[in-house]
Amino acid sequence: MSTPHADVDDADRLARVKLSSAIEPGDLRVTGLVSELGAVKVLDYLEAAGEVENHWGFTIGHELGCVDPAQVLEQAAEQGIRFIVPGDAEWPTQLGALSNAGALHDRGGEPVGLWVRGAHDLRPPAGWAVAVVGSRAATNYGTEQATELSRDLASMGHTVVSGLAYGVDQAAHRGALLTDSTTIAVMPGGVDRPYPAAHAQLLEAIAEHGLVVSEAPPGAGPTRTRFLAQNRIVAGLAEGTVVVEGAVRSGAINTAHWTTNLHRPVMGVPGPVSSAASTGVNQLIRLGQASMVTTAQDVITDLVNHAASATGSTEEIDESFVPGPVRSPQGQVPSSIAPAGAPRR
């Protein structure tokens, strides 16, 4: 794992710790200013705003006054949590594209920093990442497809990124862990706060074998706003996004929209026309907003073709030469990642 202090001065890092501890994740007013002016200048500006009652930054300014960044970093380190920022060797540079991806639900911009748990360096696995997302109230079909797809993508060397939620997300993480591969869980709250609580063991397994990431500081709980910001980080880390089930209005579809804004491929696993859980993904495919995929080979083909088109190449990959997945041994699943039922809602 690389040293997080490699290329960033202490003043910038401490300013970002304070901002991360006081703002809501993805607050475009702040992330945009930080990208343009730098964290230290924005911190000074917002601290001064705390003296102006009718200023938009008044509340943030007061929150900043309660943050001791050195103490926050020390307490995080005691829990095995580190804070990385743009410019660090470990920082996934693809997150920079979020600065030009607009806003959804008032969230947007490159994060001021990320809180990370796990022994791996974040940047290498994020460079081969595919997001696999979908419905919390997944059907058996959805969880089976997510598990198999993620297992096969992991067997082929890709990192599976998801959000640790019930349903498709947990199936995606478990599928990757079946191959002893790295998986990345992006949290809506702190990386020390398992959400849902029923996935505490799964969170620990991911922290041991993969990485747990959040824009929110340690101890922060999940909120609607933080879920929306979380979707943007999932999309920002990945080369492309696969939706396995998802209603028309859902977090999975929001993640797909972020992927579109980033000009990265959106892919969908089609579901039964009679299934409410698949209405959103089926609509994405029908409207041409997502390509249809049914196997890991399909996903890799789309990723390669997208990369080729981005570099100006006119040659498309010959799918007959895409290797089949290396099947993992069908042994017993470790108890810490054994499948669990997803509640319906």
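Cut-off values and rules
- Residues numbered from 1 in each chain as written.
- Predicted model: local features only at pLDDT ≥ 70, side-chain atom pairs only at ≥ 80, totals over all residues.
- Heavy atoms only, no water.
- Pairing = 2+ DSSP bridges.
- Helix = DSSP H or I, 4+ residues; strand = E, 2+ residues; numbered from the N terminus.
- Contact = heavy atoms within 4.5 Å.
- Axes fitted to C-alpha atoms, helices over the stretch in contact; angles between N-to-C directions.
- Buried < 20%, exposed > 50% of the residue type's maximum accessible area, 1.4 Å probe, protein only.
- Right-handed = clockwise from strand over helix to strand, strands pointing away.

## So, the sheet that holds strand β6 (residues 159-162)
Reading across the sheet, the 9 strands line up as β1-β4-β8-β7-β6-β5-β9-β10-β11 and stay open at both edges, with mixed pairing between neighbours. Edge positions in the open sheet fall to β1 (81-84) and β11 (291-292), since each of these has one partner strand only. One ladder, built from 4 bridges, connects strand β5 (residues 129-134) with strand β9 (residues 241-244); its direction is parallel. Bridging from a neighbouring strand, V132 pairs with V242 of β9. Across the sheet, helix α8 (residues 168-177) lies against β5, β6, β7 (183-186) and β9, angled at about 140° from β5, the strand it touches most. Of the strands in this sheet, β9, β10 (266-269) and β11 touch helix α12 (residues 279-286), which is tilted by about 125° from β10.

## Details of the environment of D152
By the secondary structure assignment, D152 is in helix α7 (residues 140-155). Spatially, the C-alpha atoms of D152 and Q297 are 8.6 Å apart, while their sequence positions differ by 145 residues.

## Structural notes on unusual backbone geometry
In this model, Y195 is joined to P196 through a cis peptide bond whose omega is -5°. Structurally, the position occupied by P196 is in the loop between β7 and α9 (200-209). Located in the positive-phi region is L164, a residue other than glycine, with phi close to 65°. Here L164 is to be found in the loop between β6 and α8. By relative accessible area, L164 is classed as buried at 0%. Non-glycine residue H263 carries a positive phi angle of around 60°. Mapped onto the elements, H263 comes out in the loop between α11 (251-261) and β10.

## Points about the pairing of strand β8 (residues 211-214)
Side chains of β8 alternate between two faces, with L211 and V213 and V212 and S214 buried alike. With 3 bridges joining them, strand β4 (residues 114-117) and β8 adopt antiparallel strand pairing. From the neighbouring strand, V116 faces β8, where its bridge partner is V213. Pairing geometry for β7 and β8, over 3 bridges, is parallel. Looking across to β8, one finds that I184 is bridged to L211. Running through α9, the crossover from β7 to the neighbouring parallel element β8 is right-handed.

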